[in-house]
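A look at the structure
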Amino acid sequence: MAMIGLNQLIGVVRDASRLMVTDGFDIIQKGGCENIVTSSDVAVQNFLCEQLSKLMPGSGFLCEEKDIFDVQHEDTWIIDPIDGTANYSRGIDECAICVGLKHGEEMKLGVVYLPRTKEMFAAEKGKGAYLNGQRIGVSNRPFANALLCTAMPVYHKEHAEVCSKIILETFGKCNDFRRFGACAPELCYLAMGRCELYFEYLLGPWDYAAASLIVTEAGGVITAADGGPLCLTSSAGVIAANSPANYHQLLEIVNRHINQVSKE
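Residues numbered from 1 in each chain as written. Predicted model: local features only at pLDDT ≥ 70, side-chain atom pairs only at ≥ 80, totals over all residues. Heavy atoms only, no water.

1. Let's talk about the sheet that holds strand β11 (residues 147–150)
The pairing of strands in a sheet comes from backbone hydrogen bonds and takes either a parallel or an antiparallel form. Counted only if it meets this: A pair of strands is considered paired only if DSSP assigns at least 2 bridges between the two. Labels follow the DSSP assignment, with helices taken as runs of H or I lasting at least four residues and strands as runs of E lasting at least two, numbered in each case from the N terminus. Working convention: axes come from line fits to C-alpha atoms, limited for helices to the stretch in contact. Angles between N-to-C directions cover 0 to 180 degrees. Contact criterion: two residues are considered in contact whenever any of their non-hydrogen atoms come within 4.5 Å of each other.
An order of β12-β11-β13-β15-β14 is seen for the 5 strands of this open sheet, with the pairing classed as mixed. Edge positions in the sheet fall to β12 (176–178) and β14 (221–224), since each has one partner strand and no second. Strand-to-strand, the axes of this sheet are offset by a mean angle of 15°, without reference to chain direction. Pairing of β11 with strand β13 (residues 197–203), which is carried by 3 bridges, proceeds in the parallel orientation. Bridging from a neighbouring strand, cysteine 149 pairs with tyrosine 198 of β13. Sheet strands touched by helix α6 (residues 205–217): β13, β14 and β15 (236–241). Its angle to β14, the strand with the most contacts, is close to 150°. The strands touched by helix α7 (residues 244–263) within the sheet are β13, β14 and β15, with β15 carrying the most contacts at an inclination of about 150°.

2. Concerning the packing of helix α5 (residues 183–192) against α6
This is how it is decided: By definition in this entry, angles of less than 35 degrees are roughly parallel, angles greater than 145 are roughly antiparallel, angles of 65 to 115 are roughly perpendicular, and the rest are oblique. Residues were grouped as follows: Ala, Val, Leu, Ile, Met, Phe, Trp, Tyr, Cys and Pro as nonpolar; Asp, Glu, Lys and Arg as charged; and all remaining residues, including Gly, as polar.
Packing of α5 against α6 leaves a shortest axis separation of 9 Å and a crossing angle of 5°. In this view, α5 runs roughly parallel relative to α6, as classed from their interaxial angle. For the pair α5 and α6, contact is made by Cys183, Ala184, Leu187, Cys188, Leu190 and Ala191 and by Asp207, Tyr208, Ala211, Ile214 and Val215, respectively. Its residues assigned to classes, the contact of α5 with α6 shows 10 nonpolar, no polar and 1 charged.

3. Some words on unusual backbone geometry
Phi is positive for lysine 118, which is not a glycine, with a value near 60°. In this fold, lysine 118 is placed in the loop between β7 (106–114) and β8 (119–124).

4. Let's talk about α6
For the record, the criterion: Multiplying one less than the number of residues by 1.5 Å gives the expected span of a helix. Two axes are fitted around each residue, one to the seven residues ending there and one to the seven starting there, and the angle between them is reported as the bend at that residue. Buried, partly exposed and exposed residues are distinguished by accessible area as a fraction of the type maximum, computed with a 1.4 Å probe on protein chains only: under 20%, between the cut-offs, and over 50%, respectively.
Between the first and last C-alpha of α6 there are 18 Å, a value that for 13 residues agrees with the 18 Å anticipated at 1.5 Å per step. If you look at α6, its biggest bend is around 30°, right at alanine 211. For α6, the buried fraction is high: 12 of the 13 residues fall into the buried class. Of all the residues in α6, the buried ones are Pro205, Trp206, Asp207, Tyr208, Ala209, Ala210, Ala211, Ser212, Leu213, Ile214, Val215 and Glu217.

5. A look at the sheet that holds strand β10 (residues 134–136)
Here we have 8 strands laid out as an open sheet, ordered β4-β3-β5-β6-β7-β8-β9-β10, and mixed in their pairing. The sheet is open, and its two edges are formed by β4 (68–70) and β10, each paired on a single side. With direction set aside, neighbouring strand axes in the sheet form an average angle of 25°. Across 3 bridges, β8 lies against strand β9 (residues 129–131) in antiparallel orientation. Residue pairing for β9: alanine 122 is matched across the bridge by tyrosine 130. Relative to the sheet, helix α2 (residues 39–55) contacts β3 (60–63), β4, β5 (75–83) and β6 (96–103), its axis offset from that of β5 by approximately 155°. Across the sheet, α6 touches β3, β5, β6, β7, β8, β9 and β10, and the angle it forms with β7 is around 100°.

6. Quick look at the pairing of β6
Most of β6 is tucked away, with 7 of its 8 residues classed as buried. Across 7 bridges, β5 lies against β6 in antiparallel orientation. When the bridges of β6 are listed, threonine 76 appears paired with lysine 102. Where β6 and β7 come together, 7 bridges link them in antiparallel fashion. Looking at the pairing, histidine 103 lines up with glutamate 106 of β7. Connecting the antiparallel pair β6 and β7 is a turn made up of 2 residues, with glycine 104 showing a positive phi of about 65°.

In structure tokens:
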């Protein structure tokens, strides 16, 4: 199967974003006020699936909305039509269209676009990471001067206590933490040096798949929360950092607290 190029994918995502830049959208609760979907999510996802199916016939799709889980293909698109839907619904800038292409077990293309800030993050395997066409890379800040991007488990509040302990210990050893409310933009911020550490307890693959390639192509480290490789077809905890040293220090903190809970 012929693979589309990164610039083609960027063009499709940019076209899709026109469906997102609107003041008129409906909000539907999927599972309480914490978990919502807007009519823009559905419109963007439908557009992306239609256009990408034309460009790569026979490819599969793993999408957040409408439970699309068709991954029995060598090439699979992993799509979050709007990462940070709650932000989007409230007029907050950190919301992004995320599209990644998985070939076998590897990410080959990744695009994360924030229409409200006009920041287009993009990467192709082995060819570096870019922001609006300019090469980006992680910072060299040590743990003590690092910013941690993180979040509380809003869909699984039963895990809030362990997450609080992880955040509190990390906060005591790093510079500060931020909570922007959208995984993919935060991982892209790490890739370009705005922050250095990332942890979240449980995410869907559509949240991190596209951004994970941008992180690694920018020189960062990203894995599942247990230190294993990211699963690209099921939910997982995620840890990322700008350097191996910072990654291992964060990994030790996270695993110590999670292992403690599992013993209780």
